[in-house]
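Below, each chain spelled out in residue letters.
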Amino acid sequence: MREIRTRSLPVLKDRRTVIASADRVLITALTHLFEGIGPLVGAATSEQDALNCLTANDVQLLVCTDLLESGSGPALVAAAKAQHPQLRCLMLIQRPLLSTIDAAIASGCEGLCSRERLGDGGVLSVLQAMDSDGIHMDPTITGVCQHSRRRPSRGMASPLSDVLSLREEDVLRGLCRGLSNQEIADQLHLAIDTIKHAVTSLLRKLEARDRTQAVLIAFQHNLVDPPAPIPRWHHRSDR
């Protein structure tokens, strides 16, 4: 935990944050994560209370779950974005359903992370990727999406080579695995600027507004190979 907290410093320092979740144990865990690192200005368990907290404070980051005591995470993010366009939002997904993930993306979240990855540094990894790449889903979330899109749509399928260059194919596959630009650059032994240029190019070719939509297009149109077995979601009772 100490190593994770040390790595979090550049990500959370001076970033005023609000937490919203129906899971009070999770709120406590996140509070400990922020303690002494970044200014946590409020926590709420309902959509309205979270919006009130955002309005009363100059907040740069909202960390919420899809489940709230009243309202929902996607509805909260959509309303918060409408009121505070510069707000960055990370959602912890508690229900590993494609409909939940789609709703979170549609609401404008810049980051999606599975609830179970809180303890292993997954939240901070997504926050760091959001800082460098703009928007990011962790590998578990992309695995759920990919698994749910496995059935090919014959009318929509299109050979990847007809749309993208070989380099763009490799970069898109990296995005579909939930990798950050830096991780893709490291794996392909390319400069980070080369990866950023490839991402910009493939977004244009796929007519995607951002990297998350590009991943969804790749899954929906069968542009990537079938995925590895879906990551397991273990039920874990709160301690």
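Each value, and the rule that gives it
- Residues numbered from 1 in each chain as written.
- Predicted model: local features only at pLDDT ≥ 70, side-chain atom pairs only at ≥ 80, totals over all residues.
- Heavy atoms only, no water.
- Helix = DSSP H or I, 4+ residues; strand = E, 2+ residues; numbered from the N terminus.
- Contact = heavy atoms within 4.5 Å.
- Areas by Shrake-Rupley, 256 points an atom, 1.4 Å probe, with all protein chains shown as cover.
- Core = buried A, V, L, I, M, F, W, Y, C linked by side-chain atoms within 4.5 Å.
- Buried < 20%, exposed > 50% of the residue type's maximum accessible area, 1.4 Å probe, protein only.
- Salt bridge = Lys/Arg side-chain N within 4 Å of Asp/Glu carboxyl O.
- Arc of directions from axis to C-beta.
- Polar contact = N/O pair within 3.5 Å; in protein donor to acceptor, adjacent residues only side chain to side chain.
- Pairing = 2+ DSSP bridges.

*Asks:* Hey, could you run me through the overall build of the protein in this one?
*Replies:* Scanning the protein from N- to C-terminus turns up eleven helices and six strands. Taking contacts inside the protein between residues at least 6 apart in sequence as the whole, the part at least 24 apart equals 67%. Summing over all exposed atoms, the protein offers an accessible surface of approximately 11700 Å²; the carbon and sulfur share of this is 50%.

*Asks:* Just to check I follow, could you spell out the nonpolar core for this structure?
*Replies:* A general tendency of soluble globular proteins is for nonpolar side chains to be buried together. The biggest cluster of nonpolar side chains holds 50 residues, and the ones touching the most others in it are Leu 62, Leu 112 and Leu 202. Once residues lying within four places of it in the same chain are set aside, the contact partners of Leu 112 are Leu 90, Met 91, Ile 93, Ile 101, Ala 104, Ile 105, Val 126, His 136, Met 137, Asp 138 and Ile 141. Listed in part, the 17 residues of the second largest apolar core include Ile 19, Leu 92, Leu 118 and Val 126.

*Asks:* Hey, could you run me through the pattern of salt bridges in this one?
*Replies:* Think of it this way: side chains of opposite charge can pair up when their charged atoms draw near. Within the structure shown, the criterion is met by eight salt bridges. Across the pair Arg 95 and Asp 66 runs a salt bridge, and its minimum N-O distance is 3.1 Å. With Arg 95 in the loop between strand 4 (88-93) and helix 5 (98-107) and Asp 66 in the loop between strand 3 (61-65) and helix 4 (73-83), this pair connects stretches of sequence that are 29 residues apart. By relative accessible area, Asp 66 is classed as buried at 1%. In this structure, Glu 110 and Lys 81 form a salt bridge, with 2.2 Å as the shortest nitrogen-oxygen distance. Pair noted here: Glu 110 is in the loop between helix 5 and strand 5 (111-114) and Lys 81 is in helix 4, with a separation of 29 residues, a long-range link. What makes Lys 81 buried here is its relative accessible area of 16%. Beyond isolated ion pairs, a larger network of salt bridges with shared partners links Glu 169, Asp 170 and Arg 173.

*Asks:* How should unusual backbone geometry be read in this particular structure?
*Replies:* Peptide bonds are mostly trans, and most non-glycine residues show a negative phi. Look at His 189: it is not a glycine, yet its phi comes out positive at around 55°. The residue Glu 207 is not glycine, and still its phi comes out positive at about 55°. Tracing the backbone shows Glu 207 in the loop between helix 10 (192-206) and helix 11 (211-220).

*Asks:* Just to check I follow, could you spell out the side chain of Thr 212 for this structure?
*Replies:* Checked against the element boundaries, Thr 212 lands in helix 11. Given a relative accessible area of 3%, Thr 212 falls into the buried group. Not counting residues up to four positions away in its chain, the partners in contact with Thr 212 are Ile 105, Ile 135 and Met 137.

*Asks:* Any chance you could explain helix 2 (residues 24-34) here in plain terms?
*Replies:* If you check which residues of helix 2 are buried, you get Leu 26, Ile 27, Leu 30, Leu 33 and Phe 34. All buried residues of helix 2 fall inside an arc of 120° around its axis, so they share one side. At the N-terminal end of helix 2, a side-chain oxygen is found 3.0 Å from the backbone nitrogen of Val 25, two or three residues along, and the residue is Asp 23.

*Asks:* Teacher, can you tell me more about the environment of Asp 210 here?
*Replies:* Assignment of secondary structure puts Asp 210 in the loop between helix 10 and helix 11. A relative accessible area of 18% places Asp 210 in the buried class. Distance in space between the C-alpha atoms of Asp 210 and Thr 200 is 8.8 Å, their sequence separation being ten residues.

*Asks:* Looking at this structure, I do not really get the pairing of strand 1 (residues 17-20). What am I missing?
*Replies:* Sheet faces and side chains relate simply in a regular strand, where the side chains alternate between the two faces. In strand 1, alternate side chains face the same way, and those of Thr 17 and Ile 19 on one face and Val 18 and Ala 20 on the other are all buried. Relative to strand 2 (residues 40-44), strand 1 runs parallel, the two being bridged by four bridges. Residue pairing for strand 2: Ala 20 is matched across the bridge by Ala 44. Both strand 1 and strand 3 contribute to a ladder of four bridges, which runs parallel. What sits directly across from Thr 17, in strand 3, is Leu 61.

*Asks:* How do you make sense of the environment of Thr 31 when you look at a structure like this?
*Replies:* Its location among the elements puts Thr 31 in helix 2. Through-space distance from the C-alpha of Thr 31 to that of Gly 42 is 9.5 Å; in sequence the pair is eleven residues apart. Other than its neighbours up to four places away in sequence, Thr 31 contacts Ile 19 and Leu 40.

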